[in-house]
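# Descriptive structure summary
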Amino acid sequence: MSFLTGIAARAGATAQTLWDAGSQLLQPTLRLGVTGLARSGKTVFTTALVHHLVEGHALPALRASAQGRIRRARLDHQPDDVVPRFPYEEHVAALVKERRWPRSTERIGELRLDIEYERAAGWRQGPATLSLDIVDYPGEWLLDLALIDADYRDWSRRTIEASGRPARAALAAPWHESLAALDPAGSADEMVAERASEAFKTYLAALRAGPEAVATTPPGRFLMPGDLAGSQALTFAPLELSPDRPSAPKTLAALMERRFEAYKTHVVRPFFRDHFQRIDRQIVLVDVLAAVDAGPAALAELEEALDQVLLTFRTGRSSFFAHLFSPRADRVLFAATKADHVHHTSHDRLEALLRLLVARATRRTEAAGARVGTVALASVRATRETSVREGWDTLQAVAGTPEPGERVGGEIFDGKAEAAVFPGELPERPEEVLEGAVPPGSLRFPRFRPPKLAVDALGRSGRLPHIRLDRALEFLIGDYLS
Amino acid sequence: MTRQPRAFRLDDPDVVTIRADEPAPERRGAVVVTEEPMEAIEAADGALVPLAPRRGLSWVGVLMSALGGLVTLALGLGLERLIVDLFVASPVLGWVALGLALVALVAFLAVVVREIAGMFRERRIEKLREAAIDAIAVKDHEAAKRVVRDLITLYGERTHTAAGRKRLTAWADEIIEADDRIALAERELVAPLDLAAKRAVAGAAKQVSVVTAISPRAIVDVAFVIFAAVRLLRRISMIYGGRPGLLGFLRLARAAFGHLAVTGGVAVGDSIVQQVLGLGLAARISAKLGEGVLNGLMTARFGLAAIAVCRPLPFLREEPPRLGDVAGELLTSAGAEAPGR
C-alpha cells in the first residue's frame, strides 16, 4: 500500500516538474531549502538574506555582488497562491525597530525573490533574472519527515522507549500513567482517544520546555498545529501494543493506527511533496551552541534528529534529466548559526563541532555526489567583538545586549544593559563535548537582543550586520549568478 | 585550566570601554574592554580577490578567424596549383612536392597538437587555482581533496616531489580543515618550486641589469629586455608545470601584463623608498648603471607577475615573494646601502 502511494506521489511530482521545466527555460528558478529544527534560526536567516539582496548591500564574498553584477532584487508574487506569504517586512521591522527576534514561526510562509543580474558566463550574456523560492515553516514540523517511512506499531514502540530514558522519566510520568490505563483492544471510543492524545500532547510540550530540548519529538503538528488545530488527524497517541498480534478492527488500536496513517497521508506527505521534494540547494541550519550549552545528551539527540531528517532528502549530482524526473539537491551547506555568540577565534572550533554532528549525513551526501560545505555564520550579528583585560588576564569576549532574564556567572540581565560576555572556551577536540569531558557550567551562551542600528537623518536605519552570510550565499546560489 | 564564563556589564563604573586605536587608561583595578573592529572577521577569513570574468565571443575574433580561414584557403589553393604545375612540368618534381607537402602537413598537425596540449595544461593550472580559492572560501572538503588530488597528478612525473606526494596521499583520508589541506599541498609540492622560480627571476634580473649596463646601443637593451622577459615567462611556466606553446605563451603574457597593471607595478610590502634610493645612488654613479638597475627591476617585477599567474595555487601560508627577495641583491650590489630589510 505504502509502495503504491509512493509511486503515486512520485508520479504527481514528475508531472509537476515537467510542467515547471518549460517555464524553467524561460526564467530559471532556484528552490532554496532552508532546513533546520525549531529555534535554529530559519526565519532570521531568510529575513537577513532577503534584506541584504533587496536593499542591495555589498556582499563581498558573493562573487556576483563583488563584481557589481547584481542590479537589483525584488520580492515577487509567489508561485503557490494557497500558501501564505512570508511576512518579510514584519520580521525586518521586528529586528530593526523593536530590536527583538521574530516570533517563532507558526505556519508555513513562502517567498519569491527575483534577482536581476548581469550574466557573465555562458552563451547568453547580459541581463538575466533568477527567481529564488524560499519556504519558511515551523521547525517542529521538520521531524515529521522521519515519520514518512514509519508505521504506527514501530513509531509507538520507539516513542514509548525514548520516553523511558532517565532524563525524561519525570516529564513522562503523567503520560505513562494514562498510557497504562488504556486498553488497545478496547472499543474505539472517541473520548478515550481524545484524552490519550491530550496526555501525549502535554508530554510533548513538557519535553519541549525541558532543559535538553534541542530537537522536538514528532509529530510536530501536536506542538504547532498551524491550520489543523482541532482536526481529527491530530487526535492519536502511541499505545503499548503487543509486537506480533495485528490489532483487530474497531478497537482503539485500529482507530489510532488509522489516524496515524491519515496524519502521514494528509499532513506529512503533502508538506514534504510541496516544499522539500523539489529543492535544488539546501542549507541546514544547526544551533550547535545551544546544544553544547545543554550537554552531551542534547548533542546526541540533535545528531540523531538531524540524521533522521536528512535521510528523507534526496541529494546527489544533478543533471538535466535528474532535474526533470527526480529532482535532488546538488549542494548542501551545513551552517552553525549564532556564530556571533563566540569570538571569531573560536569559529574554527565551532565549525569542527558542527562537522562532528553532521558527519554521518555528510558522508552519505558526499557519497551521493552532492557537494557539501560547512560554515559558521550569524544571519544577524547581534554582538561586537572585544577583548577584555582584567589584571594580567585577557579574555576574547563578545559584547551585546543580553535578553532580559539571561544569566551569566551570577549576573542577571534586564535586556537594556550592554555587557561583554566571555562564553568560555570551546574544546579544541570536538569529541570532548560528546565524551562529557567538558565540565558542566564551563560554557554559557546567553541569548542577545538584535543589534542596535544607527539611524540616519532621514530615519533610515543601516544594514543588519552578519557573519559569513555572503559566503553561504556564494556556495548556495553563486553558480546560478555566474 | 579552563576559564569560566564571565560577563562584564559595560555600564559598570569599574569597566572602561575603549576603541582598539586608543591607549589603555592607566587605572589600577579597572577592567578594560577593547572594542575590536567589526571587519576583523572578514579580515581573518581572508578577503577574496574576485577573478575577472572570462571574455566571450568578440566580433574582432570572428573577423580574424574568417580572414584566417580565407588565407588558409588561398594557401591551399596556391599549393595545389603549384603541385599540379610541377606534375605537368615533370612527374618526379610533382611527387617530391607532394611528399614535402605531406611532411609539412604532419609537422603542422604535430605543432597544433602540442599547442593545444599546452593550452589545456595552462587552463588546467588556472582552473586548479580557481578551485582552490573556491574550496577555501566555503571550506568545501571534497573540493579541497579534489584540488590536492589534481595537484598530485600534475606533479606526478617529477621525481623530486615523490616524498611530498607520498605524504599527501597518506593524508588524503585524514580529517583536516579544507584550507589546511590545501596549505599542506602548497608546502609539500609548490614551495620548492617557488624557490626555483624566485631563483630564476633573480638570475634574469641580474642578467638584464648587467647586459643593459654594458650594452652600447639602446636598441640592444630593448631587444634583450624583451628576450629575457619571454625566456623568464617560459621558464617560470615550466617550473610550475606548464608547457606553453606559442598561443599558451601569449595567453600567459597577457595575464602577466594584466597582473602588472592591476598591482600597479608596486607589490604589497615593497618599500618604494628603497628602490628610488637604490636607483638614485646607482644613477649618480653612472647613468648607464642606473639604467641597468631600472631594467633589472622591471624584469624582476615582470617575473613576480609571472609567478602569480603561473602558480597552480594562490599564496596561502607561504609568503608571496617580494621585489626585495628577487632583486635585493641587485639594489645592494648597485652600490646603495639599502636601509635594513
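Residues numbered from 1 in each chain as written. Chains lettered and ligands numbered in written order. Predicted model: local features only at pLDDT ≥ 70, side-chain atom pairs only at ≥ 80, totals over all residues. Heavy atoms only, no water.

### Concerning the overall build of chain B
- When you go through chain B residue by residue, the secondary structure sums to 11 helices and three strands.
- The long-range fraction of contacts in chain B, counting pairs at least 24 apart against all pairs at least 6 apart in sequence, stands at 67%.
- Surface summary for chain B: the accessible area is close to 19,900 Å², and the carbon and sulfur share equals 66%. (Helix = DSSP H or I, 4+ residues; strand = E, 2+ residues; numbered from the N terminus. Contact = heavy atoms within 4.5 Å. Areas by Shrake-Rupley, 256 points an atom, 1.4 Å probe, with all protein chains shown as cover.)

### Some words on the sheet that holds strand β1 (residues 29-36) of chain A
Residues and elements named next belong to chain A.
- The seven strands lie next to each other as β2-β3-β4-β1-β5-β6-β7, forming an open sheet whose pairing is mixed. Taken across any chain shown, the strands that pair with only one partner, and hence form the sheet edges, are β2 (70-76) and β7 (371-376). Across the sheet, the mean angle separating the axes of adjacent strands is 20 degrees when strand polarity is ignored.
- Pairing analysis gives six bridges linking strand β5 (residues 281-286) to strand β6 (residues 331-336), with the strands arranged parallel. For I283, the partnering residue across the bridge sits in β6 and is L333.
- Strands in contact with helix α10 (residues 296-312) are β1, β5 and β6; relative to β5, the strand with the most contacts, it is inclined by about 165 degrees. (Pairing = 2+ DSSP bridges. Axes fitted to C-alpha atoms, helices over the stretch in contact; angles between N-to-C directions.)

### Details of the environment of A:L143
Residue and element names in this part refer to chain A.
- Tracing the sequence through the fold places L143 in the loop between β4 (126-136) and α5 (152-163).
- For L143, a relative accessible area of 3% gives the class buried.
- Through-space distance from the C-alpha of L143 to that of A38 is 9.6 Å; in sequence the pair is 105 residues apart. (Buried < 20%, exposed > 50% of the residue type's maximum accessible area, 1.4 Å probe, protein only.)

### Looking at helix α3 (residues 91-138) of chain B
- A rise of 1.5 Å per residue sets the reference length of α3(B), with its 48 residues, at 70 Å; its end C-alpha atoms lie 70 Å apart and thus fit the reference within 8%.
- Looking one or two places after α3(B), you find B:K139, whose phi comes out positive at around 55 degrees. (Expected span 1.5 Å × (residues − 1).)

### Describing the nonpolar core
- Core analysis: the largest hydrophobic core is formed by 75 residues, its most contacted members being A:L145, A:M256, A:V288, A:F334 and A:L350.
- If you tally residues by element for this core, the top one is helix α8 (residues 252-275) of chain A, at 10 residues.
- Contacts of A:L145, omitting those with residues within four sequence positions, involve A:V268, A:F271, A:F272, A:F276, A:T312 and A:F313.
- Counting 52 residues, the second largest nonpolar core, distinct from the first, contains B:L128, B:V190, B:F302 and B:V309. (Core = buried A, V, L, I, M, F, W, Y, C linked by side-chain atoms within 4.5 Å.)

### A short note on the sheet that holds strand β1 (residues 6-9) of chain B
- Spatial ordering of the open sheet is given by β1(B)-β12(A)-β9(A)-β8(A)-β3(B)-β2(B), a layout of six strands whose pairing is mixed. Among the strands making up the open sheet, the edge pair consists of β1 and β2 (15-19) of chain B. Adjacent strand axes in the sheet meet at a mean angle of 30 degrees when their direction is disregarded.
- Judged from the seven bridges that link them, strand β8 (residues 384-390) of chain A and strand β9 (residues 393-400) of chain A form a sheet pairing that is antiparallel. Looking at β9(A), one finds that A:S387 is bridged to A:Q396.

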